[in-house]
Amino acid sequence: RTRGVVNKAGGLIYQLDNQSPRSESEKTFSFPLDLVLKVHDERVIVSFGQRDGIKVGHAVLSINGIDVNGRYTADGKEILEYLGNPSNYPLSIRFGRPRLTSNEKLMLASMFHSLFAIGSQLSPEPGSSGIEMLETDTFKLHCFQTLTGIKFMVLSDPRQAGIDTLLRKIYELYSDYALKNPFYSLEMPIRCELFDQNLRSALEVSEKAGTFGPSS
């Protein structure tokens, strides 16, 4: 689950990932690798073959416990070259949904800001508040806009309940720990330890109170 704050210009000023680890799978492989990998958008992803929770489109997140950064491991090894060497096996690879880069997060926040404005203008009802929720089969995007134009967004499991309450709690935390912080400037990135701590606590409370199905 991802929570973000977007300023009036569409820039992302705070973002927190609180994703469940169930979307990631780590397995030990022998040579040859029984999955077909390719480079896409500077990430190494699965292009063919599925097993043990690893799906087409999942990205390589770590190899032997070493995190991956794009096409390379954190210690500088080129991933496809390293995986093509039989002497490196057996090895452990962790796969999961691709993680967005900071630039991608900024771009998506700006795109949503534009869609929000378009939705407000195209609505047949005068004074429309804009997009409050987008729903798909796998997630819901919730948006709460304050009177000053700051938008709070939460991506959640479609079965999660109580998101409206969570959004207002986040706004309360933003008012208490960001706006009242003398070192914080409006529309600048939020860097406040108390805000982080209280936000994580609010997310934990919301998740425990939410309604999930047995497969979650």
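As the structure is a prediction and not an experimental result, all values here were calculated from the model. (Residues numbered from 1 in each chain as written. Predicted model: local features only at pLDDT ≥ 70, side-chain atom pairs only at ≥ 80, totals over all residues. Heavy atoms only, no water.)

Caption draft 1: How the structure looks around the layout of surface pockets. The volume enclosed by the second largest pocket comes to roughly 280 Å³. Around the second largest pocket, the lining is made up of 13 residues, and of these Arg 43, Val 68, Asn 69, Gly 70 and Arg 99 lie nearest the centre. Contributing elements (two or more residues each) for the lining of the second largest pocket: strand E6 (59–63) and strand E7 (66–69). In terms of residue count, the dominant contributor to the lining of the second largest pocket is E6 (three residues). Looking at the lining of the second largest pocket residue by residue, the class counts come to five nonpolar, three polar and five charged. (1 Å grid on protein atoms, 1.4 Å probe; cavity = no way out; pocket = protein on both sides within 12 Å on 5 of 7 lines; lining within 4 Å. Points joined across faces, edges and corners; volume = space filled by probe spheres on them. Helix = DSSP H or I, 4+ residues; strand = E, 2+ residues; numbered from the N terminus. Nonpolar A, V, L, I, M, F, W, Y, C, P; charged D, E, K, R; others polar.)

Caption draft 2: Just the pairing of strand E4 (residues 36–40), in detail. Both E4 and strand E5 (residues 43–48) contribute to a ladder of five bridges, which runs antiparallel. Its bridge partner being in E5, Leu 37 is matched across the sheet by Val 46. The hairpin formed by E4 and E5 contains two residues between the paired strands, and Asp 41 there has a positive phi angle of roughly 50°. (Pairing = 2+ DSSP bridges.)

Caption draft 3: Inspection of unusual backbone geometry at higher detail. Cis peptide bonds are those with omega within 30 degrees of zero, and the linkage from Phe 31 to Pro 32 qualifies with 0°. Within the secondary structure, Pro 32 sits in the loop between strand E3 (25–29) and E4. Here the amide bond leading from Tyr 89 into Pro 90 is cis, since omega sits at -5°, within 30 degrees of zero. Along the chain, Pro 90 falls in the loop between helix H1 (79–83) and strand E9 (91–96). Notably, Asn 64 is not glycine yet its phi reads approximately 50°, a positive angle. Look at Asn 64 and you get partly exposed, because its relative accessible area is 39%. (Buried < 20%, exposed > 50% of the residue type's maximum accessible area, 1.4 Å probe, protein only.)

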